[in-house]
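# Structural characterization, general
Below, each chain spelled out in residue letters.
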Amino acid sequence: MTKRPLHPRSLAAQAMGKIDPLTKAVVPPIHLSSTYIRDEDNAYSSGFIYGRPDNETVHEAQAVLAMLEEAKAGALLFGSGMAAATAVFQALSPGDHVVASKVMYWALRSWLLTEATRWGLKIDFVESDDLAKLKAAVKPGVTKLVWIETPSNPLWTITDIAAAAEIAHAAGARLAVDSTCASPVHTRPLTLGADIVMHAATKVLNGHSDVIAGALCARQGDDFWARIKTVRKGQGGILGPFEAYLLMRGMRTLHVRQERQSASAMTLAQKLAAHPLVSRVLYPGLPQHPGHDIAARQMEGGFGFMLSVQVTGGEAAAIKSAAHVELYKRATSLGGVESLIEHRASIEGAGSPCPPDLLRLSTGIEDVDDLYADLDQALKAGHR
């Protein structure tokens, strides 16, 4: 690799320039071994002992992600986004106080309300985009972790990461950011003061809807990061080598996919905002979005691939509209090359902050005019 400074998109496209030393292959091989040979003196000069914590394919993918996030302490890959997220909370101690975004990935919110609470964590949920409420919820000397998601799924509210970091640090707490829907292409939370950034790597990092994976990146290698490593190793929530290989393949095209997807999402948001059968579009790229100014400051090169629309006619019209799409796929998840649509309130159930008339849209790489035409005919069919 050249010694000149390279843009992250160049480094990612070539997987950090890694060349297989044996065959000179430009695509790194998959290392499947679960165990490694000891030296004659019983040591492990290779640095590899056992496949659960040690796998070269996993290490290579972690290096690419750490580079993208500017994570000085490195990155850790997990077997799922939930495994990554829960590892952060499991690195805390029973009785610790946590402040978390009220609007967040529903499965994590459910886990915090049940398993984490039974384990002894004290959780307060707050509208983290309201900095006054966030500051009021944080207890100096008591709060150990502030967890925010921005843009938040599925309402796409925006939290000021730098301001949230100041609030957390002033209280002696750490700030963790779920940046799944921004990705390092648009936002790098660690450079804004966050301590931990989390990704459901299943989503846009992989981008092909064929991997379940999660990731954590850290700004500094402190005792808390060491505890997270211990949780990962001890509980075995690691990513397998084949999945790591697929994830690295996805990250090689991350920039071109994100740039296309975000541009299409903006076009769709603008057109849908004027659609007579849409009462509201939730997308931080629109000037009327309440978090637009903050998003414009902390997001680069676009506002992401996710948006939601509230349909006139209420819940019934929303569900019926989703049932009539032809190009969009009615499926859970997000971030793949194919566009997805989902009625979120039906998925999240009781206690969801999601309005019943809302449809969540994950924008893929299809032609944007085709995507809009599909939504237009589906909305019309949903109101017949």
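Shown above is the structure to which this text applies.
The sections below set out a description of the structure shown in this document.

The rules we used
Residues numbered from 1 in each chain as written. Predicted model: local features only at pLDDT ≥ 70, side-chain atom pairs only at ≥ 80, totals over all residues. Heavy atoms only, no water. Pairing = 2+ DSSP bridges. Helix = DSSP H or I, 4+ residues; strand = E, 2+ residues; numbered from the N terminus. Contact = heavy atoms within 4.5 Å. Axes fitted to C-alpha atoms, helices over the stretch in contact; angles between N-to-C directions. Expected span 1.5 Å × (residues − 1). Buried < 20%, exposed > 50% of the residue type's maximum accessible area, 1.4 Å probe, protein only. Arc of directions from axis to C-beta. Polar contact = N/O pair within 3.5 Å; in protein donor to acceptor, adjacent residues only side chain to side chain. Left-handed = near helix turned anticlockwise from the far one by under 90°. Patch = residues over 30% accessible without salt bridge, like charges linked within 9 Å, V, L, I, M, F, W, Y side chains within 5 Å. Areas by Shrake-Rupley, 256 points an atom, 1.4 Å probe, with all protein chains shown as cover. Salt bridge = Lys/Arg side-chain N within 4 Å of Asp/Glu carboxyl O.

## Focus on the sheet that holds strand β8 (residues 278–282)
- A sheet is described by the order of its strands in space; here five strands give the open sequence β8-β9-β12-β11-β10, paired in mixed fashion. With one partner strand each, in any of the chains shown, β8 and β10 (329–330) form the two edges of the open sheet.
- Where strand β9 (residues 306–311) and strand β12 (residues 358–362) come together, five bridges link them in antiparallel fashion. Bridge pairing in β12 links Leu307 to Leu361.
- In the packing of helix α12 (residues 314–323) onto the sheet, contacts are made with β9, β10, β11 (340–342) and β12, and the angle to β9 comes to roughly 125°.

## Considering the pairing of strand β3 (residues 122–126)
- Two elements, strand β2 (residues 97–101) and β3, share five bridges in a ladder whose sense is parallel. Bridge pairing in β3 places Val99 opposite Asp124.

## Considerations on helix α8 (residues 223–235)
- Its 13 residues give α8 an end-to-end C-alpha distance of 18 Å, which sits within 8% of 18 Å, the value for a rise of 1.5 Å per residue.
- Restricting attention to buried positions, one finds in α8 the residues Phe224, Trp225, Ile228, Val231 and Arg232. One face of α8 carries all of its buried residues, which in axial projection span an arc of 110°. Residues of α8 that are exposed and point more than 90 degrees away from the buried face comprise Asp223, Thr230 and Gly234.
- Turning to α8, the residues buried within the fold contact α2 (56–69), β1 (74–78), α3 (81–90), β5 (174–178), β6 (196–199) and β7 (214–218).
- Between the side-chain oxygen at the start of α8 and the backbone nitrogen of Phe224 there is a gap of 3.3 Å, and the oxygen is on Asp222.

## Here we look at the packing of α3 against helix α4 (residues 106–119)
- Following both chains from N to C, one finds α3 and α4 inclined at 35°, their axes separated by 11 Å at the closest point. The handedness of the crossing between α3 and α4 is right-handed. Contacts between α3 and α4 involve Met82, Ala85, Thr86, Phe89 and Gln90 from the first element and Ala107, Leu108, Trp111, Leu112 and Trp119 from the second.

## Side note on a nonpolar patch on the surface
- On the surface, a nonpolar cluster with roughly 250 Å² of combined accessible area is contributed by Ile19, Val26 and Val27.
- Tracing the chain through its elements places Val26 in the loop between α1 (8–13) and α2.

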